[in-house]
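Chain by chain, the residues run as shown.
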Amino acid sequence: MPEPASPTPPPTPPAAAADAADAVAVPTIVILGAGAVGIAFGSALLLKPGVARVVFIGRPHVGAALAAHGLHGCRGVDQPAVRIPPDRYAVYTCVADFEAAEPGVVPAAAVLSTKRLATAKLVPDVAHWGARVPIVTMQNGIMMDKDIHALMPEARVALAMCPFNVVAVAPGDYRPMSAGHWTLDASEAGRLLARLLGANDVAATVCRDMGPVMNGKLIVNLHNAVSALSGLEMKDEYGQRWTRVLIAQCYAEAMAVYRAHHMKYTTSFPVPLWLLRYLLLLPNVLFRPLWALVARAVPGARSSMYDDFQHKRQTEIDYFQGAIIQLAEKKGIDVPVCRRLYAAVKYYEAQRLGIVRRTPETLFAPVEAS
Ligand SMILES: NC(=O)c1ccc[n+]([C@@H]2O[C@H](COP(=O)([O-])OP(=O)(O)OC[C@H]3O[C@@H](n4cnc5c(N)ncnc54)[C@H](OP(=O)(O)O)[C@@H]3O)[C@@H](O)[C@H]2O)c1
């Protein structure tokens, strides 16, 4: 059962937090990149006392928000938020500060939850951990394990997947906004994290072959570009036919590319992706109620690329449509819609305009005239 909310206690100093962890001898899990997914995952490990201790490595503004407003966790899209007592976690701005404050603490796992572009900066900070601490990547796209191994050849890398949208509804309060279970591979670290989630009454799936899961997630993630470019949150993005047509065309192109590479894909959605590709083309009156049942996305749900546009950050387009384009090139396959969206994201990303509502006409014309 969720714990009742309690008034904000003062932040716990790191040393006291380390003492608390030693006293109860629970595993320490490090979150490398405390943002939407990292905080949602880390807090899900902390809903009950005595299950895990979490060390968040994040930007100073994240630590300040958690110190001021406390940390909240949640078991799923329809579940209430639970306030996490501060003696269950610590926040540092870099790995070196964690190691200096808590010497001798060997994390049971480190969860990499930055955007893909940040991997090259953050992984070298933990390279000295070698194979002692498994790195579990929660990042989207494919071949993220290769990125890590390129920087840290001896790393024990595990794959995990966050199948739902996570949005900050308030400082320190990151909520799942659509349906799905945390999915982890069947490695020792994946099983440990799934057990810790289970001990917190959080649903988790352990999967022996993450390849098809990640390939399927990449197909679903192709909607990110459409949401960022159209300036529409998920409810309106999937509520309009022109945006759904673009998404369906991306699905079709990705599926053709996967077929050529003999790459399998799967999804935890109740509807298989090959069928969803056609359902997306239905008129609004038929699609909207169906989508409400399948995705259970709540108002405010939006893609991480929408967030990137909003905050004028570089996006992960190279790992979404960019990955499909690269695979297509290897087989000489044309993927015009993925290319068009890729070019448009690059064009507007460079302009750093924030979120702008666009129609099909206002979206593509400036890109193609440039
Ligand atoms: N958001 C979602 O709903 C969702 C769902 C499923 C999967 N994903 C995937 O999960 C991954 C993370 O996405 P996200 O939306 O959680 O990203 P996010 O909100 O941007 O969180 C990542 C955080 O890590 C920080 N960071 C980066 N490098 C760091 C460093 N060296 N030291 C400390 N902090 C650092 C970032 O700060 P800066 O911004 O300052 O770099 C940011 O605050 C992505 O691959 C995404 O595609 C996201």
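Computed from a predicted model, the values in this text were never measured in an experiment.

Enquirer: Outline the sheet that holds strand 1 (residues 28-32), supporting the account with residue identities and numerical values.
Expert: Strand pairing in a sheet relies on backbone hydrogen bonds. The paired strands run either parallel or antiparallel. Taken in spatial order, the 8 strands make up an open sheet running 5-2-1-6-7-8-11-12, and their pairing is mixed. Because the sheet does not close on itself, it has two edges, and the strands there are strand 5 (89-92) and strand 12 (204-207). The sheet shows a mean angle of 25° between the axes of neighbouring strands, taken without regard to direction. In this sheet, strand 12 lies alongside strand 11 (residues 182-185) in parallel orientation, the contact comprising 4 bridges. Paired with T183 across the two strands is T205, which belongs to strand 12.

Enquirer: Explain the nonpolar core to me, using residue names and the numbers behind them.
Expert: Soluble globular proteins tend to bury their nonpolar side chains together. Core analysis: the largest hydrophobic core is formed by 59 residues, its most contacted members being L218, L229, Y251, L276, L280, I324 and L341. If you tally residues by element for this core, the top one is helix 11 (residues 241-261), at 9 residues. Counting the residues that make up this core, at least three belong to each of domain 1 (14-208) and domain 2 (213-369). Leave out the neighbours within four places in its chain, and L229 touches F309, L341, A344, V345, Y348, V356, R358 and L363. Listed in part, the 39 residues of the second largest apolar core include A40, V54, F56 and L197.

Enquirer: How would you summarise the side chain of R358 if you had to cite specific residues and measurements?
Expert: Mapped onto the elements, R358 comes out in the loop between helix 16 (336-351) and helix 17 (360-369). This buried residue, R358, is left without a salt bridge; E361 holds the nearest opposite charge, at 12 Å.

Enquirer: Go over the site of the ligand, please, and point to the residues and values.
Expert: Around the ligand, 24 residues are found, and the nearest of them are V37, R59, N140, V166 and E316. Within the contact set of the ligand, an oxygen atom lies 2.9 Å away from a side-chain nitrogen or oxygen of R59. At a separation of 2.5 Å, an oxygen atom of the ligand approaches a polar side-chain atom of E316. Notes on the ligand: free accessible area 890 Å², of which the protein chains cover 86%. Its residues placed into classes, the shell around the ligand shows 10 nonpolar, 9 polar and 5 charged. Two domains each provide a minimum of three residues to the shell around the ligand, namely domain 1 (14-208) and domain 2 (213-369).

Enquirer: Give me the packing of helix 15 (residues 321-331) against helix 16: which residues, what numbers.
Expert: As a packed pair, helix 15 and helix 16 sit with axes 9 Å apart at the nearest point and diverge in direction by 135°. It follows from the interaxial angle that helix 15 and helix 16 lie oblique. Judged by the twist between their axes, the crossing of helix 15 over helix 16 is left-handed. Here Q321, G322, I324, I325 and E329 of helix 15 lie close against helix 16, whose contacting residues are C338, R339, L341 and Y342.

Calculation criteria
Residues numbered from 1 in each chain as written. Predicted model: local features only at pLDDT ≥ 70, side-chain atom pairs only at ≥ 80, totals over all residues. Heavy atoms only, no water. Pairing = 2+ DSSP bridges. Helix = DSSP H or I, 4+ residues; strand = E, 2+ residues; numbered from the N terminus. Axes fitted to C-alpha atoms, helices over the stretch in contact; angles between N-to-C directions. Core = buried A, V, L, I, M, F, W, Y, C linked by side-chain atoms within 4.5 Å. Buried < 20%, exposed > 50% of the residue type's maximum accessible area, 1.4 Å probe, protein only. Domains from an automatic or database assignment. Contact = heavy atoms within 4.5 Å. Lys, Arg positive; Asp, Glu negative; His and termini not counted. Salt bridge = Lys/Arg side-chain N within 4 Å of Asp/Glu carboxyl O. Near = heavy atom within 4 Å. Polar contact = N/O pair within 3.5 Å; in protein donor to acceptor, adjacent residues only side chain to side chain. Areas by Shrake-Rupley, 256 points an atom, 1.4 Å probe, with all protein chains shown as cover. Nonpolar A, V, L, I, M, F, W, Y, C, P; charged D, E, K, R; others polar. Parallel < 35°, antiparallel > 145°, perpendicular 65-115°, else oblique. Left-handed = near helix turned anticlockwise from the far one by under 90°.

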